Amino acid sequence: MSQQKVVIVDDHVLFAKALKTLISSFEDTYVTFVASNGKEFVDYINAGNEKPNVVLLDVRMPIMDGKATMLWIKENHPDIHVLAITMEDDEDTITRMIRYGCKGYLLKDVEPSLLNQAINYASQGRFVYSDVVDLDMREKARFRAIDTSDTAILFKEKDQEFLNFICGTDLTYKEIAHEMSLSPKTIDNRRADLFRKLGVNTRIGAVLYAMEHRLLQ
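Worth saying up front: this structure is predicted, and the values here are computed from it rather than measured.

K.L.:
Give a description of the pairing of strand 5 (residues 104-107) that names residues and reports values.
P.N.:
Residues Gly104 and Leu106 line one face of strand 5 and the alternating positions Tyr105 and Leu107 line the opposite face, and both faces are buried. Bridge count between strand 4 (residues 81-86) and strand 5: three bridges; the pairing is parallel. Looking across to strand 5, one finds that threonine 86 is bridged to leucine 107.

Here's what the structure looks like:
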């Protein structure tokens, strides 16, 4: 395995230091820089420093948050692979980051072995995410790497339209129902059916799957 260079962007100093120590214990993986916000990371790259294989990016930070940083990476260095790392299950934020090019998201209490695996997957350009068991996060997250060998899924026109709404916009399900002239109950049924077809449990998972398999039109 080639060496993996990782940059951590997180404003929580103690967490960032602990994360650096943990990552440094992984085989052929080391942290080249730790930034406390997106601006520090941007300045680091603009100064001509070597680009990392993977960036572990906090979502909520002062000065330049995860969304702004992810957008900058998309527009300037789309070859940098990024994993969002957060303690919040904020679908709107995470799905937007994924559309900006983020390879997935992890919870900050992810198991070390799974973090190591996620970094390796992301460095290869693969999509990964941790599927939150409940919104209070009282239970551990289940890690999943999307299998690109899955059989292609064929959608009806109405299914494709719904997929485009939930994966390509920031609209709520209520707003999507209005746009599609459907009742909220019908939208709920379509969501359940779509998630079943994709093998996911959340909107975040659907976005990751759609991006990886290029299902959006």
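K.L.:
Quick one: what's the story with the environment of aspartate 109, residue by residue and with numbers?
P.N.:
Along the chain, aspartate 109 turns up in the loop between strand 5 and helix 5 (112-123). The exposure class of aspartate 109 is partly exposed, given its relative accessible area of 26%. Sequence separation between aspartate 109 and methionine 87 is 22 residues; the distance between their C-alpha atoms is 7.9 Å.

K.L.:
Provide a residue-level description of the pairing of strand 1 (residues 4-9), including the pertinent values.
P.N.:
For a regular strand, side chains alternate in direction, first toward one face of the sheet and then toward the other. Strand 1 sits mainly inside the fold: six of its six residues count as buried. Across the two faces of strand 1 the burial is the same, with Gln4, Val6 and Ile8 and Lys5, Val7 and Val9 all buried. Two strands pair when backbone bridges link them, and strand 1 and strand 2 (residues 29-35) are joined in this way by six bridges, in the parallel orientation. In the strand pairing of strand 2, isoleucine 8 is matched with valine 34.

K.L.:
Go over helix 6 (residues 157-168), please, and point to the residues and values.
P.N.:
The terminal C-alpha atoms of helix 6 lie 16 Å apart, and with 12 residues this matches the ideal 16 Å at 1.5 Å per residue to within 8%. Among the residues of helix 6, those classed as buried are Asp159, Gln160, Phe162, Leu163, Phe165, Ile166 and Cys167. The secondary structure elements touched by the buried residues of helix 6 are helix 4 (91-99), helix 7 (173-179), helix 8 (184-198) and helix 9 (203-212).

K.L.:
So what's going on with the confidence of the model for the protein? Residues and values would help.
P.N.:
Close reading of the predicted structure is inappropriate where its pLDDT is low. Of all residues in the protein, 85% have pLDDT values of 70 or greater, and the mean over the chain is 82. The weakest mean pLDDT in the protein belongs to strand 7 (residues 142-145) at 43; the strongest belongs to helix 2 (residues 38-46) at 97. Contacts for the low-pLDDT stretch residues 132-151, under 50 throughout, to residues beyond four places or in other chains number 51 contacts.

K.L.:
Quick rundown of the pattern of salt bridges? Include the residues and the values.
P.N.:
Summed over all chains, the structure comprises 10 salt bridges. Between lysine 108 and aspartate 10 there is a salt bridge; the shortest N-O distance is 2.9 Å. A residue pair is termed long-range when its members are at least 10 positions apart, and lysine 108 in the loop between strand 5 and helix 5 and aspartate 10 in the loop between strand 1 and helix 1 (13-24) qualify at 98 residues. Look at lysine 108 and you get buried, because its relative accessible area is 17%. Via salt bridges that share partners, Asp10, Asp58 and Lys108 belong to a single interconnected network.

K.L.:
So what's going on with the packing of helix 6 against helix 8? Residues and values would help.
P.N.:
The geometry of helix 6 relative to helix 8 is characterised by a closest axis approach of 11 Å and an angle of 90° between their N-to-C directions. One element, helix 6, and the other, helix 8, form an angle in the roughly perpendicular class. Of the residues in helix 8, those in contact with Lys158, Asp159, Phe162, Leu163 and Ile166 of helix 6 are Ile187, Arg190, Arg191, Leu194, Phe195, Lys197 and Leu198. The residue inventory of the contact of helix 6 with helix 8, partitioned by class, reads seven nonpolar, no polar and five charged.

K.L.:
Give me the environment of isoleucine 23: which residues, what numbers.
P.N.:
Along the chain, the position of isoleucine 23 falls in helix 1. Sequence separation of isoleucine 23 and asparagine 116 is 93 residues, and the distance between their C-alpha atoms is 7.5 Å. Apart from the residues within four sequence positions on either side, isoleucine 23 is in contact with Val6, Ile8, Thr29, Val31, Leu56, Leu115 and Ile119.

Rules and cut-offs
- Within every chain, residues take consecutive numbers counted from 1 along the sequence as written.
- Restriction of local features to residues with pLDDT of at least 70 applies here, the model being predicted, together with a cutoff of 80 or more for giving and counting side-chain atom pairs; totals for whole chains, interfaces and linings are based on all residues.
- Excluding hydrogens and water, the side-chain figures rest on all heavy atoms present in the structure.
- Only protein chains enter the calculation, and the probe is 1.4 Å; a residue is then buried if its accessible area is under 20% of its type maximum, exposed if over 50%, and partly exposed in between.
- Per the convention used, a helix needs a DSSP run of H or I reaching at least four residues, while a strand needs a run of E reaching at least two, with both numbered from the N terminus.
- Any two strands are treated as partners once DSSP identifies two or more bridges connecting them.
- Expected span, for any helix, means 1.5 Å times one less than how many residues it has.
- For this analysis, residues touch if any pair of their heavy atoms sits within 4.5 Å.
- What pLDDT reports is the predictor's confidence in each residue, on a scale of 0 through 100.
- Salt bridges are identified by distance alone: a Lys or Arg side-chain nitrogen within 4 Å of an Asp or Glu carboxyl oxygen.
- Between N-to-C directions, angles cover 0 to 180 degrees, with each direction set by a line fitted to C-alpha atoms, over the stretch in contact for helices.
- Orientation categories follow fixed angle ranges, with anything under 35 degrees roughly parallel, anything over 145 roughly antiparallel, 65 to 115 roughly perpendicular, and all other angles oblique.
- Gly counts as polar in this scheme, as do all residues outside two lists: the nonpolar Ala, Val, Leu, Ile, Met, Phe, Trp, Tyr, Cys and Pro, and the charged Asp, Glu, Lys and Arg.

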